[in-house]
Amino acid sequence: MNTGAIEYMAQNKLSVVILATLENISVCINTAPDGCEWLDQQGIVKPRHRKIVTEGALMGGLLDQGISSDFFNYQ
C-alpha cells in the first residue's frame, strides 16, 4: 500500500482502524483468490470495506506506474 492507495481509501471513508492496519503493509497479489484470502487474513470482511481496499490498491498501482492523479479528477 502506498500513499495514493491510503489517500483513496481515506477519501472513501474507510475505517481508521483498517487504514492504520494497512499503512505499513507491502504485499503483491496476483490473483483474485489470493486477494480474497489476503483480505480475510487482515480481517477485512465487509463488502464495502473490501471494495474500497481493492479500489485503493488498484489506484495506488496506477499512480506508481506514472498515471497522474489528475486523470481521475474529471467531471
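Residues numbered from 1 in each chain as written. Predicted model: local features only at pLDDT ≥ 70, side-chain atom pairs only at ≥ 80, totals over all residues. Heavy atoms only, no water.

J.: Just checking my understanding: could you explain the packing of helix 1 (residues 3–11) against helix 4 (residues 47–64) for this structure?
T.: Any two packed helices are characterised by the angle at which their axes cross and by the distance between the axes. Relative orientation of the contacting elements helix 1 and helix 4 amounts to 145 degrees, with a least axis distance of 7 Å. Between helix 1 and helix 4 the crossing geometry is right-handed. Facing Gly4, Ala5, Tyr8 and Met9 of helix 1, the residues of helix 4 in contact are Ile52, Val53, Glu55, Gly56, Ala57, Met59, Gly60 and Leu63. Counted by class, the contact of helix 1 with helix 4 contains 8 nonpolar, 3 polar and 1 charged residues. (Axes fitted to C-alpha atoms, helices over the stretch in contact; angles between N-to-C directions. Helix = DSSP H or I, 4+ residues; strand = E, 2+ residues; numbered from the N terminus. Left-handed = near helix turned anticlockwise from the far one by under 90°. Contact = heavy atoms within 4.5 Å. Nonpolar A, V, L, I, M, F, W, Y, C, P; charged D, E, K, R; others polar.)

J.: Sorry, what's going on with the side chain of arginine 50 here?
T.: Along the chain, arginine 50 falls in helix 4. The exposure class of arginine 50 is buried, given its relative accessible area of 17%. Beyond its immediate chain neighbours, meaning those up to four positions away, arginine 50 contacts Cys36, Leu39, Asp40, Ile44 and Val45. (Buried < 20%, exposed > 50% of the residue type's maximum accessible area, 1.4 Å probe, protein only.)

J.: Help me understand a nonpolar patch on the surface, please; the structure alone is not making it clear to me.
T.: On the surface, Leu62, Ile67 and Phe71 cluster together into a nonpolar patch covering about 280 Å² of accessible area. Take isoleucine 67: it is sitting in the segment after helix 4. (Patch = residues over 30% accessible without salt bridge, like charges linked within 9 Å, V, L, I, M, F, W, Y side chains within 5 Å. Areas by Shrake-Rupley, 256 points an atom, 1.4 Å probe, with all protein chains shown as cover. Salt bridge = Lys/Arg side-chain N within 4 Å of Asp/Glu carboxyl O.)

J.: Explanation requested: the nonpolar core in the structure shown.
T.: Here is a general trend for soluble globular proteins: nonpolar side chains tend to be buried in one another's company. Counting 13 residues, the largest nonpolar core has Met9, Leu14, Ile18, Leu22, Trp38, Ile44 and Val53 as its most contacted members. Counting only elements with at least two residues in this core, the list comes to helix 1, helix 2 (16–22), helix 3 (32–41) and helix 4. If sequence neighbours within four positions are ignored, isoleucine 44 has contacts with Ile18, Leu22, Leu39, His49, Arg50 and Val53. (Core = buried A, V, L, I, M, F, W, Y, C linked by side-chain atoms within 4.5 Å.)

J.: Could you clarify how one ought to interpret the pattern of salt bridges in this entry?
T.: It is possible for side chains bearing opposite charge to pair when their charged atoms get close. All chains considered together, the criterion is met by 2 salt bridges. A salt bridge links aspartate 40 to arginine 50, with the nearest nitrogen and oxygen atoms 2.7 Å apart. A residue pair is termed long-range when its members are at least 10 positions apart, and aspartate 40 in helix 3 and arginine 50 in helix 4 qualify at 10 residues. The partner of glutamate 55 in a salt bridge is lysine 51, with the nearest N and O atoms 2.8 Å apart. Pair noted here: glutamate 55 and lysine 51 are both in helix 4, with a separation of 4 residues, about one helical turn. Taking the relative accessible area as the measure of exposure, glutamate 55 reaches 26% and is therefore partly exposed.

J.: What's the story with unusual backbone geometry in this structure? I'm lost.
T.: With the exception of glycine, the majority of residues adopt a negative phi angle, and the majority of peptide bonds are in the trans configuration. Within the chain, lysine 13 stands out as a residue other than glycine whose phi angle is a positive 60 degrees. Structurally, the position occupied by lysine 13 is in the loop between helix 1 and helix 2. Its relative accessible area of 65% is what places lysine 13 among the exposed residues.

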